[in-house]
Amino acid sequence: QDQENLRVVYAGDGLLITGHVEDESGDPIEGVSVAVSKVGESRRDDTDAEGQFRLSYLSEGRFTTYFHHDEYNTMHVDGEELNKALDLARGHKGVA
């Protein structure tokens, strides 16, 4: 069960999303391209050796999130509402 745990916080200059991506054994996956986008705005980061990523300076709104790695199936989550009241730690099925 691959999961990425997302944490969204309001960072003064916009929203900050941090999280990690791991494989089905719980090991981090390095080099996953994580991108969030909505009309007129997008951010992208690659996971590090610990599977961590960080996307900052996002405005509030409804985003689509993409997770891509050449050795796994691409995953996307449509219509995540991000706002300053949101503080979430959740598991989605990750890069599978």
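Residues numbered from 1 in each chain as written. Predicted model: local features only at pLDDT ≥ 70, side-chain atom pairs only at ≥ 80, totals over all residues. Heavy atoms only, no water.

K.L.:
Outline the overall build of the chain, supporting the account with residue identities and numerical values.
P.N.:
A tally of helices and strands in the chain yields zero helices and eight strands. Along the chain, helices (α) and strands (β) appear in the sequence β-β-β-β-β-β-β-β when read from the amino end. For the chain, the proportion of its 96 residues judged to be buried stands at 40%. Restricting the contact set of the chain to residue pairs at least 6 apart, pairs at least 24 apart contribute 46%. Carbon and sulfur atoms form 43% of the exposed surface of the chain, whose accessible area is close to 5400 Å². (Helix = DSSP H or I, 4+ residues; strand = E, 2+ residues; numbered from the N terminus. Buried < 20%, exposed > 50% of the residue type's maximum accessible area, 1.4 Å probe, protein only. Contact = heavy atoms within 4.5 Å. Areas by Shrake-Rupley, 256 points an atom, 1.4 Å probe, with all protein chains shown as cover.)

K.L.:
A description of the packing of aromatic side chains should follow, citing residues and the corresponding values.
P.N.:
Applying the stated criterion across every chain yields a total of one aromatic pair. Each ring, one from Phe-53 and one from Phe-67, has its centre 6.2 Å from the other, and the planes form 75 degrees; the classification is edge-to-face. Note that Phe-53 is positioned in strand β5 (residues 52-58) and Phe-67 in strand β6 (residues 61-68), a separation of 14 residues in sequence. Owing to a relative accessible area of 3%, Phe-53 belongs among the buried residues under this scheme. Phe-67 sits in the buried class, given a relative accessible area of 0%. (Phe/Tyr/Trp six-rings, centres within 6.5 Å; stacked < 30°, edge-to-face > 60°.)

K.L.:
Describe the sheet that holds strand β3 (residues 33-38), listing the residues and the values that go with them.
P.N.:
Strand order in the open sheet formed by four strands is β4-β3-β6-β7, with antiparallel pairing between adjacent strands. Edge strands, defined here as strands with exactly one partner in the open sheet, are β4 (41-46) and β7 (75-82). Adjacent strand axes in the sheet meet at a mean angle of 20 degrees, parallel and antiparallel pairs treated alike. Bridge analysis of β6 against β7 gives six bridges, and the strand direction is antiparallel. Bridged to Tyr-66 within β7 is His-76. (Pairing = 2+ DSSP bridges. Axes fitted to C-alpha atoms, helices over the stretch in contact; angles between N-to-C directions.)

K.L.:
How would you summarise the pattern of salt bridges if you had to cite specific residues and measurements?
P.N.:
The full count for this structure, using the stated rule, is three salt bridges. In this structure, Glu-41 engages Lys-38 in a salt bridge whose closest nitrogen and oxygen atoms are separated by 3.9 Å. Given a relative accessible area of 12%, Glu-41 falls into the buried group. Here Arg-43 makes a salt bridge to Glu-41, at a shortest N to O gap of 3.8 Å. (Salt bridge = Lys/Arg side-chain N within 4 Å of Asp/Glu carboxyl O.)

K.L.:
So what's going on with the environment of Ser-56? Residues and values would help.
P.N.:
Checked against the element boundaries, Ser-56 lands in strand β5. Separated by 39 residues in the primary sequence, Ser-56 and Ile-17 place their C-alpha atoms 6.3 Å from one another. Contact partners of Ser-56, with chain neighbours within four places excluded, come to Leu-15, Leu-16 and Arg-43.

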